[in-house]
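# Coordinate inspection notes
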Amino acid sequence: QKEVEQNSGPLSVPEGAIASLNCTYSDRGSQSFFWYRQYSGKSPELIMSIYSNGDKEDGRFTAQLNKASQYVSLLIRDSQPSDSATYLCAVNEGAGGTSYGKLTFGQGTILTVHP
Amino acid sequence: DAGVIQSPRHEVTEMGQEVTLRCKPISGHDYLFWYRQTMMRGLELLIYFNNNVPIDDSGMPEDRFSAKMPNASFSTLKIQPSEPRDSAVYFCASSWVWENTEAFFGQGTRLTVV
């Protein structure tokens, strides 16, 4: 059973702070890693993807991947109230071109950024 | 492109009735996925198609659930008969075959079975 675990939260940070979201996965064969943001009552939307070990930055978001530790994280700098949402970590087997988009999701971490 | 389109957005039905959810993927995408989201189980994959062919339906909870994709632009998820525990948000998503691509989600169908 492939599993994706996220820090349970909820996580509350003040506006302007750094929010740190963590995720571990069980399947060493996983190839692609994603962070989705989901506002209440809305569909998940992709905010970051990462495929290689190390850091990947996009604006205020930084994704970090460590395949040896089977660990993925998302940092949100200068957090804004509009960042308040559920953040879903997702892992894709991606092996042999047969499962792109077949994602295993974590339970999600609820983030609240308070003014 | 308008994105992945699902209908209806909301469905309320009585236990025992048949429910059909519909999805139009993004044009050109060759993978289509049906996910279900509940508070208890989170977001879980039910079934996915590649080039209209079902590839993995191991996530379909019971024989009451069935899915079809008669052509590249349309898919249905049917529940017959429906039960209260089927109440959830059902998402359709689509993607390309190319390596390291993302799945785009529709707006979801919120199903309530009373």
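Structure: see above.
Quantities reported herein were computed from a predicted structural model and do not represent experimental measurements. (Residues numbered from 1 in each chain as written. Chains lettered and ligands numbered in written order. Predicted model: local features only at pLDDT ≥ 70, side-chain atom pairs only at ≥ 80, totals over all residues. Heavy atoms only, no water.)

## Considering the pairing of strand β8 (residues 74–79) of chain B
All names here are of chain B. Taken together, the 5 bridges between strand β3 (residues 19–24) and β8 define a ladder with antiparallel strand orientation. Each residue of the ladder has a partner; that of L21, found in β8, is L77. The pairing of strand β7 (residues 65–71) with β8 spans 5 bridges and is classified as antiparallel. Residue pairing across strands places A67 opposite L77, the latter belonging to β8. (Pairing = 2+ DSSP bridges. Helix = DSSP H or I, 4+ residues; strand = E, 2+ residues; numbered from the N terminus.)

## Thoughts on the nonpolar core
Among the nonpolar cores identified, the biggest contains 23 residues, and W35(A), V72(A), L74(A), I76(A) and Y87(A) are the most heavily contacted of them. Elements represented by at least two residues in this core include exactly β3 (19–25), β4 (32–38), β5 (45–50), β7 (61–66), β8 (71–76), β9 (85–92) and β11 (109–114) of chain A. Counting residues in hydrophobic clusters, the runner-up holds 21 residues, among them C23(B), L32(B), W34(B) and L46(B). (Core = buried A, V, L, I, M, F, W, Y, C linked by side-chain atoms within 4.5 Å. Buried < 20%, exposed > 50% of the residue type's maximum accessible area, 1.4 Å probe, protein only.)

## Considerations on the sheet that holds strand β6 (residues 54–58) of chain A
All names here are of chain A. With antiparallel pairing, 5 strands are arranged side by side in an open sheet as β1-β3-β8-β7-β6. What marks the edges here is a single partner per strand, and that holds for β1 (4–6) and β6. When the angles between neighbouring strand axes are averaged without regard to direction, this sheet yields 20 degrees. Sheet topology note: the β3/β8 ladder contains 6 bridges and is antiparallel. Bridge pairing in β8 links S20 to L75. (Axes fitted to C-alpha atoms, helices over the stretch in contact; angles between N-to-C directions.)

## Digging into the packing of aromatic side chains
Each aromatic ring pair is summarised here by two numbers: the centre-to-centre distance and the angle between the ring planes. According to the stated counting rule, one finds 13 aromatic pairs over all chains in the structure shown. Residues F105(A) and Y35(B) carry aromatic rings whose centres are separated by 5.7 Å and whose planes lie at 85 degrees to one another, so their mutual orientation is edge-to-face. In this pair, F105(A) sits in strand β10 (residues 103–105) while Y35(B) sits in strand β4 (residues 31–38), so the two residues belong to two different chains. Judged by its relative accessible area of 0%, Y35(B) falls in the buried class. Arranged with centres 6.0 Å apart and planes meeting at 10 degrees, the rings of Y31(B) and F33(B) form a pair that is stacked. The exposure class of F33(B) is buried, given its relative accessible area of 0%. Each member of the aromatic cluster is reached from another via a ring pair, and the members are F34(A), Y36(A), Y51(A), F105(A), Y31(B), F33(B), Y35(B), Y48(B), F91(B) and F105(B). The positively charged end of R60(A) is found above the aromatic ring belonging to F61(A), 5.5 Å away from the centroid. (Phe/Tyr/Trp six-rings, centres within 6.5 Å; stacked < 30°, edge-to-face > 60°. Lys NZ or Arg CZ within 6 Å of the ring centre and 35° of its normal.)

Worth remembering: the numbers are spatial, not functional.
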